Structures are given as structure tokens and as C-alpha cells.
Amino acid sequence: MQYHNKPYDQLNIGDTAELKRLCTEDDFYAFAANSGNHNPLHLAHEDGDGDDQPEAVAPSLFVGALISAVLGNILPGAGTLYKSQQFDFVGRAMAGDELLARVVVTEKRANREVVLNTTVTRCRDDAVIVSGKAVVIAPDRALSFREIEVPGLIVQRHRHFDALLEKSRPLDPIPTAVVAPEDPNSLGGAILAARETIIEPILVGRPDLIGQAAQELGEKLDGFEIVAAEEHSEAARIAVDLVVEGRAGALMKGHLHTDDLLRAALRKDQGLRAGRRFTHVFVMDVPGQPHPLLVTDAAINIEPDLQTKIDITQNAIDLAISIGMETPKVGVLSAVETVNPAIRSSIDAALLSKMAERGQIKGGLVDGPLAMDNAVSMAAARIKGIVSPVAGQADILVVPNLDAGNMLAKQLTYIANAEAAGVVLGAKVPIILNSRADDDKARLASCAVAALHAARIAGGRS
């Protein structure tokens, strides 16, 4: 967009300009960080006035500052300096409100001083939020400029996980066999999820180590069922038995190797096989992204063949639907976005795309091969000339192999400040798979994802 200012000698009484702005929760967090005003009344999910309801009321000076955008960008525009601004805050805006900031020239004074009436109104009902008067020094020469690109700001919060937790809370807590919760991290995650009424833990492992972990956390285990098992392999076997017997509706990995847990779940006699391969999905909350991003498979299948990738893709689609994505968009990744016979992942991607088109993979839109950039960036997809309902807006990223998936997930976690929930699918029940480095938010989110998926599976069977 090209902006042109209006210098003092071109201004006329009655000249007017306006800009619209949608208020978001992230705007208010950014304002709090920049201004130092951490009043909880303005922050989503905080109860700032003690009425047991979160508010997210727009900070008044944030609303007032919208006027400065009109003055600085349009009228008078580039080169304008404030002398004074009077505000009357006569209404309130909330996150989600679209606001209209408007200025009108009412007086021209000596020394390039200009007086303007200023208002901000709420678009949906024309209610006045702020009224006032500005006195500015107008520019003395005509200037024009393209819209200036300022550094992007990303609010480091995990709103997608917050939404998943809210969605899971109305569900009945899912009985969950927690295998070897013998350290503070794994036990703490189970206790926290129980406190949030997402799961009902059954703790399987050495009682002395579980008790010691609880002591380190300062927690009591009153009310928690503990099933004794001396070895990790025994704990995994007992936990799987609890699922087979119908006493547990999910498994949760504690302080043991993933192989020990999956070996018990995959046993031929009284195991948890359900017709598909076991596959792992990271549900990632990447700050600044408009939706959760699913990455699969980054933990179980090392060099998946086409048949395994079919299960990887279908499992991920099913999980995405469970967490609220109506028609998930699946980008099947390769190093390139064209089929190259020398690159096996590009061939597999093209076949998966065609299989989805023919109904062999159901519930989502599948496209590939896509390189990482044109899977998640509309701009990159346009530059490459890719026309696709998936390109640039993928919800699910199917990676070529475990190496690529593991690196992608860890890059998002440690460079993009993402949180990652981990779940294994393809079994009769979800298996909650957390890393030892995961924090409480990731552990809670993993439980919430598993609970939502288990609820949808149970609903489909009834």
C-alpha cells in the first residue's frame, strides 16, 4: 500500500481519515509487555476484578493509541508530531471487537499547528469508546512511502493448548494407567492432570519410588490407586492388562523407556493392536500460528514404507478431527514439491495424495509432495505457483522418516518456542507419550488430546 501525507498548506477544515483495527487477546499481551501495565483485567484467562470471569478488556490507552495510527499514517501523515492529546474514555472494548479510529480537522493555527477531533467507535454498534481532541504539528512538505514493514512480534503464549484444556474439562476423567511414574516429572504430570479432572490415574510401579517422587513434589497420594510392580517391563504388562480388562481407557508413559511400554502394548496375546500400525503424533502449539500443527511420525516408525505412511496419515487425520479440525489439511513433506523418481519421499507423497483423492484415506485433504516452506507459507506456495487447498495452510505435516520428524519437532520446540503434546495412535486406546524434558503445560495438553480422542472413539462405537 502507498501512503501519501498531507502537508500543512494542503490541509482543509473538515478533512477526515479513518482506520479499522480488530482487537485481539495477543494485542493486549503485547501492550502489557511494552507498557509494563500488567493489570489482569486486560489479559485473557485472568480474573481481574474478582467476579470469577476472565475479562480481556482493551486497555484504554491501547484504544487511544489507534488514533495515532491515523495521524501518523494518513492525516496529516508522515512527518506529523504530537503536541497534545485529550481523551475521554466513555466506553469499553473487548478482545474480538473491531474498532474504527477517526480524525477530523477542525482548526489550523500558526506554526503548522493543527487541531483535530478524534474518536474511536465499535463497528458492530457504532458505540463511542473514546472521544477527544488532538493538537499536532503538521509536516511542511509532501511525502509518500510504501507501507513500512516493521519487525514482527509473536506473543509467547500457548492459546491452542489452553483451548484444548477447556474443551476436555467437561468430559468425565478418563481412567489412565500411568506406567512407572517413579520420578517427579512423570508423577507430577499425572497428578496435575488428575487435579484438572482430565484423567483418573492408576499408578503402576514401585510404591517406594512413587512415594519418594511424591515427597519431592510435596504431594500426598491419598485417593490414588497404586498397583505394585518391581520392574518396568512388569509395570508395562500390568498397565496393558488394566486396559484389556476395561479398567483403564488410556496409557501414560512414566519414567521408563518407550520400547518397554510399546513392547507390552504390541504383544500378540492380550495386547492393544487395533488393525493399524502404532504411530506417533506431536500436537504442537507454535506461537503466532493460527492453529495447532500436527507432526507425524517423529518417535516410532524409523523408515516407514508406503503402507506405514498410510496408517501414519490416517491416524493423524483421526486425531485432528478429535481435537476439533473439521476437515484436516495434510501436507506430505519431501525435499521438493515435484515428483522426483530419485527421491522416494516425493513418490510416496504423490501416492498418498492420490489415495486420499480416491477415498482410500478418509476425513482430510491430502496433498504432496510439498516442501516445508510451501506446506506452511501461502507466500511460498504462490511464488512456486502451487495451487492447492493444502499448500500454505497445512494442519498436519507427514514427514519422510523419523530423523526428519524428530528434527522438525525439536526445531519448533527450541527455536520457535512451541509446546508439544505427544500421543501414540493405532492402539485400542490412546497412549500418552511425554518426553522427560516436557513441562507441565505439555503434559497436561497430552492428557487433554488423549481424552478428546478417546471420547470421540467411544462415541463412534456407541
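Structure report, in brief. The structure presented is a predicted model; accordingly, all values stated were derived computationally and were not measured.

The next thing to look at is the packing of aromatic side chains. Applying the stated criterion to the full structure yields 3 aromatic pairs. Aromatic pair Phe31 and Phe62: ring centres 6.2 Å apart, planes at 80 degrees, arrangement edge-to-face. In this pair, Phe31 is assigned in helix α1 (residues 25-35) and Phe62 in helix α2 (residues 60-73), connecting sequence segments 31 residues apart. Residue Phe62 is classed as buried on the basis of its relative accessible area, which comes to 8%. Seen in terms of ring centroids, Phe87 and Phe89 are 5.4 Å apart; in terms of plane orientation they differ by 40 degrees. Their pairing is tilted. Judged by relative accessible area, which is 33%, Phe89 ranks as partly exposed. An aromatic cluster is present here, built from Phe28, Phe31 and Phe62 joined pairwise through their rings. Sitting over the face of the ring of Tyr8, Lys108 holds its NZ or CZ atom 4.4 Å from the ring centroid.

One water molecule sets the probe size; rolling that probe over the atoms shows where empty space is left. One pass over the structure, following the stated rule, counts 2 cavities of 30 Å³ or more. Estimated volume of the largest cavity: approximately 40 Å³. Surrounding the largest cavity, Asp183, Asn185, Ser186, Lys253, Gly254, His255, Asn434, Ser435, Arg436 and Arg443 form its lining. Volume-wise, the second largest cavity comes out at about 30 Å³. In terms of lining, the second largest cavity is formed by Ala58, Ser60, Val63, Phe89, Gly91, Arg92, Ala93, Ile129 and Val130. At the level of elements, α2 and β6 (127-137) are the ones that each hand at least two residues to the lining of the second largest cavity. For the lining of the second largest cavity, the per-class residue count stands at 6 nonpolar, 2 polar and 1 charged.

About the thresholds
Residues numbered from 1 in each chain as written. Predicted model: local features only at pLDDT ≥ 70, side-chain atom pairs only at ≥ 80, totals over all residues. Heavy atoms only, no water. Phe/Tyr/Trp six-rings, centres within 6.5 Å; stacked < 30°, edge-to-face > 60°. Helix = DSSP H or I, 4+ residues; strand = E, 2+ residues; numbered from the N terminus. Buried < 20%, exposed > 50% of the residue type's maximum accessible area, 1.4 Å probe, protein only. Lys NZ or Arg CZ within 6 Å of the ring centre and 35° of its normal. 1 Å grid on protein atoms, 1.4 Å probe; cavity = no way out; pocket = protein on both sides within 12 Å on 5 of 7 lines; lining within 4 Å. Points joined across faces, edges and corners; volume = space filled by probe spheres on them. Nonpolar A, V, L, I, M, F, W, Y, C, P; charged D, E, K, R; others polar.

These values are about where atoms sit, not about what they do.
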